[in-house]
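# A closer look at the structure
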Amino acid sequence: MRHFFCSLRQKLSKPLLFGIYGATGCLLAAIFAAFLIVQPSQKNSPPPPQVDIMFALDITTSMQGEIYGVQQGIRDFATQISSKNLDSQIGLIAFRDRFAGEEPTILTFKNDSFTKDSNDFRHQVGQLGLNGGGADEPESSLDALTLAAQQPFRPKATKVILLITDAPPKVPDRETQSLASAASFLQNKKINQLHLVIQDSERSAFEGLQSAVPGEIFSLSEAASGRSGFERILPRIGQTIAETTIQGLQSTGKYSSNQAGLLTITTAISTGILAIGIALALIIGQNHYQHRRLLTLSEASVSTFGSLVAGMIAGATGQLLFSQIANIPNPENIEIIIKWAFAGALFTGIMSLFIPQLKKLQLSGALLAGGISGALAGGGLLLTANSLGHFFEIGGFLAQFAAALIFGFCIQLLAGLFFGLVAGLTVIFFGQLLLLPILDVSILEVGGRIVCWAILGLLVGGGTRFFVPNLQLSKALFGGTIGGSLGAIGFIIAAIFGDIAGLLLGAAVLGFFIGLMIAWAEQEQLNSETYLLVHWAPTEKTSLLLGTKPILIGSSPNAQIPLNASEGFTPVTAKIYQEGGNIVMQFDLEYATSRKMKKMTHELNVGDCRKFGNITIEVQSSINKQIKNYA
């Protein structure tokens, strides 16, 4: 293994090398955490709470788009439910107009009206026929609700009914005489939630249904508009159902608050263990990079304690934030703005690699400016869509146009008129493609996790200043935060591989990006400052930042450039540091006396070299190197 990393040290750049170190350390820590925390907690944890959801779906001909939306969105709907650690079942009753002889249909799954298989559910919904509805507009939704309430819900499950229709209810219906009697029937059947997806104009017609059974009302017009599509809003309904279920369980004592506290503690400890793995790996990597002893007892003890505390802070903060997301008002609007901000930051970040005006902002400035521009565009889209949403044919286009106008104007301020026009046209014609990678991602749902790993990266980045001499705190914090954020995204994606495999793969990705970006931050500083180039062999050299903190050269374990004591080198043979604008090399008195040196302090210039045994050190500057290459 040591030979493997020695060969990598010679072949790879430091950012890539440290990415590998970080991935290795975090992966080993994750394996330890999985056996120490994850497995025992899974064995002792109670079974997930149950929730049974029965759809009551209007399948008259005017509901074609909504039926397709249910079919297409049911997987994401089920994912939102299961992401809250709920044991869910779904079923569906299709209804039309009983007075026209059209009796409701109950989907059956292996002789049961509920199923856990979203694929089977999706297939059967696709087989539903569209026709009928009688001569008048009202449909038999009240009888459908009472029939849904009579289905075989599990005794311990939270019972949920979701009514989807574009028509008012028949009052009286064939069996149900009024809304009040329907509400009373649902209450007697102990239905816990009733959610309605109806036309805005029909809210008064359904008023009173939720007087006995709590729930939310979703706008069918908004769900079916071109802005999102019903399959887009269905997962949000699932999220609402899941969050309402959890809140209800907590209030009745079925979902103990002690579990939330235990989960926070467990998350904090597991994150602390990952932090230890990353920190130790990066210290070992830095020491190996500098040809030093891989790890001293002092380094191990200090870094273990410090990184454990940092990781626990990050893990607890992320978990507490994650648990509070359910209380955020209008989460779908906030998510739209965040997604546009993310897309704007990504767009300008890529463009900053090619456009001179954006290059001046540097990557961090371009990402920030793009994020603000995207957020403003998303806000404009929401305002326009909410104002013109009743114009179904052109409301979506006008909202997209408003977003394009705002985003293009912001980019015009940053990069000029031409690129502002390009950005605006891009949003108009390819706006959905820009958001495609994140359209189905619940950003608020994963936001707590990203914050957790971003804080972890920030704290680990700050800690690297203790073993990477003269690394600027701002660069270390920035690199660690970006690395943690990128690693968090990879961690979340890796979760599709299951609990343990996802944890291990995600940990490796997290460690890789934190190590990569911290070393990248150091490389950015090297590109703008004077540094020390150490020639270990003709084919191997490494770089060290120069600054007010001395670079120690000698046989001491604390020396950043280690020498061999058998060759007559003292523990601290010399130290190099910057004093004002000067680079100073100060020799140790004992070493200077043994070598009969008359002058112990030397002032070095860029290009100066000094030889210590087989090692040569050289003062270098990226600016000076660029001038030489240009000449």
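So, how was this worked out
Residues numbered from 1 in each chain as written. Predicted model: local features only at pLDDT ≥ 70, side-chain atom pairs only at ≥ 80, totals over all residues. Heavy atoms only, no water. Helix = DSSP H or I, 4+ residues; strand = E, 2+ residues; numbered from the N terminus. Buried < 20%, exposed > 50% of the residue type's maximum accessible area, 1.4 Å probe, protein only. Contact = heavy atoms within 4.5 Å. Areas by Shrake-Rupley, 256 points an atom, 1.4 Å probe, with all protein chains shown as cover. Pairing = 2+ DSSP bridges. Arc of directions from axis to C-beta. Polar contact = N/O pair within 3.5 Å; in protein donor to acceptor, adjacent residues only side chain to side chain. Patch = residues over 30% accessible without salt bridge, like charges linked within 9 Å, V, L, I, M, F, W, Y side chains within 5 Å. Salt bridge = Lys/Arg side-chain N within 4 Å of Asp/Glu carboxyl O. Phe/Tyr/Trp six-rings, centres within 6.5 Å; stacked < 30°, edge-to-face > 60°. Core = buried A, V, L, I, M, F, W, Y, C linked by side-chain atoms within 4.5 Å. pLDDT = per-residue confidence, 0-100. Lys, Arg positive; Asp, Glu negative; His and termini not counted.

Below, the discussion takes up the overall build of the protein chain. Helix and strand counts for the protein chain stand at 20 helices and 15 strands. When each of the 631 residues of the protein chain is scored for burial, the buried share is 49%. Contacts in the protein chain between residues far apart in sequence, at least 24 positions, make up 69% of those at least 6 positions apart. In the form shown here, the protein chain has an accessible surface area of approximately 29,500 Å², with 61% of it arising from carbon and sulfur atoms.

A few words now on the sheet that holds strand β6 (residues 217–219). Here we have six strands laid out as an open sheet, ordered β3-β2-β1-β4-β5-β6, and mixed in their pairing. For this open sheet the edge positions go to β3 (105–106) and β6, each flanked by a neighbour on one side alone. Sheet topology places strand β4 (residues 158–164) next to strand β5 (residues 193–198); five bridges connect them, and they run parallel. Within the sheet, the bridge partner assigned to Leu163 lies in β5 and is Leu196.

This paragraph deals with helix α4 (residues 118–126). The set of residues buried in α4 consists of Ser118, Phe121, Gln124 and Val125. Axial view of α4: buried residues confined to an arc of 125 degrees, hence all on one face. N-cap assignment for α4: the residue whose side-chain oxygen lies 3.0 Å from the backbone N of Asn119 is Asp117.

This part takes up a nonpolar patch on the surface. Together, Phe342, Leu346, Ile350, Leu353, Phe354, Leu486, Ile489 and Ile493 make up an exposed nonpolar region whose accessible area comes to about 750 Å². Mapping Ile493 onto the fold places it in helix α17 (residues 473–494).

Moving on, we come to the pairing of strand β2 (residues 87–95). Within β2, eight of the nine residues are buried, leaving the element largely enclosed by the surrounding structure. Here strand β1 (residues 50–58) runs beside β2; their pairing, made up of nine bridges, is parallel. Across the sheet, residue Ala56 finds its bridge partner in β2, namely Ile93.

Note on placement: Leu505 falls in helix α18 (residues 499–526). Accessibility expressed as a relative area gives 38% for Leu505, which makes it partly exposed. Residues in contact with Leu505, not counting those within four places in the same chain, are Ala494 and Phe497.

Applying the stated criterion across every chain yields a total of 13 aromatic pairs. Here Phe478 and Trp520 contribute two aromatic rings whose centre-to-centre distance is 6.3 Å and whose plane-to-plane angle is 45 degrees, an arrangement assigned as tilted. Residue Phe478 is found in helix α17, and its partner Trp520 is found in helix α18; the two are separated by 42 residues along the sequence. Residue classification places Phe478 among the partly exposed positions, given a relative accessible area of 29%.

Core analysis: the largest hydrophobic core is formed by 36 residues, its most contacted members being Leu274, Trp453, Leu456 and Leu510. Excluding residues within four positions of it along the chain, Leu510 makes contact with Cys26, Leu274, Trp453, Leu456, Gly484, Gly487, Ala488 and Phe491. Ile67, Ile74, Leu128 and Leu162 belong to the second-largest nonpolar core, a separate cluster that totals 30 residues.

In the structure, Phe478 is positioned 16 residues away from Gly462 in sequence and 9.0 Å away in space, judged by C-alpha atoms. Each residue touching Phe478, except ones within four places of it in the same chain, is listed here: Ser364 and Trp520.

Quick look at the pattern of salt bridges now. For side chains bearing opposite charge, pairing can occur when the charged atoms are close. Inspection of the entire model under this criterion finds nine salt bridges. Arg154 is the partner of Asp52 in a salt bridge, and the nearest nitrogen-oxygen pair spans 2.7 Å. One end of the pair, Asp52, is in strand β1; the other, Arg154, is in the loop between α5 (141–149) and β4, and 102 residues separate them in sequence. The residue Arg98 makes a salt bridge to Glu175 at a minimum N-O spacing of 3.4 Å. You can see Arg98 sitting in the loop between β2 and β3 and its partner Glu175 sitting in the loop between β4 and α6 (179–188), a full 77 residues away along the chain. By relative accessible area, Arg98 is classed as buried at 12%. For Glu175, a relative accessible area of 54% puts it in the exposed group. Salt bridges sharing partners connect three or more residues here, namely Asp52, Asp87, Lys116 and Arg154.

Turning our eyes to something else, we now look at the confidence of the model for the protein chain. When pLDDT drops low, the exact placement of atoms in the prediction is not to be read closely. On average, residues of the protein chain score 80 in pLDDT, and 81% of them reach the 70 mark or higher. Segment residues 250–258: pLDDT under 50, and five contacts once partners within four positions in sequence are set aside and those in other chains are kept. Contacts of residues 436–441 to residues separated by more than four positions or lying in other chains number ten contacts, the stretch itself having pLDDT below 50.

Moving on, we get to the sheet that holds strand β10 (residues 561–562). Reading across from one edge, β10-β9-β11-β12-β13 is the order of the five strands in this open sheet, with mixed pairing throughout. Single-partner strands in this sheet number two, and they are β10 and β13 (601–604). The sheet contact formed by strand β9 (residues 551–554) and β10 spans two bridges and is parallel. In the strand pairing of β10, Ile553 is matched with Ile561.

Burial of strand β15 (residues 615–621) is extensive: seven of the seven residues sit out of reach of the surface. Because side chains alternate across β15, one face comprises the buried residues Ile615, Ile617, Val619 and Ser621, and the other comprises Thr616, Glu618 and Gln620, equally buried. One ladder, built from six bridges, connects strand β7 (residues 530–537) with β15; its direction is antiparallel. Bridging from a neighbouring strand, Tyr531 pairs with Gln620 of β15. Hairpin connection between strand β14 (residues 609–612) and β15: a loop of two residues separates the two successive antiparallel strands, and Gly613 in this loop has a positive phi of roughly 65 degrees.

Among the residues of α6, those classed as buried are Leu179, Ala182, Ala183 and Leu186. What you see down the axis of α6 is that its buried residues fit within an arc of 100 degrees, all on one side. Away from the buried face of α6 by more than 90 degrees, exposed residues Ala180 and Asn188 are located. On its buried face, α6 is in contact with α5, β4 and β5. One or two positions beyond α6, positive phi appears at Lys190, with a value near 60 degrees.

Here the focus is the side chain of Glu102. Along the chain, Glu102 turns up in the loop between β2 and β3. No salt bridge is formed by the buried Glu102; its nearest oppositely charged neighbour, Arg96, is found at 5.0 Å. Among the polar contacts made by the side chain of Glu102, one reaches the main-chain amide nitrogen of Asp97 at a distance of 3.1 Å.

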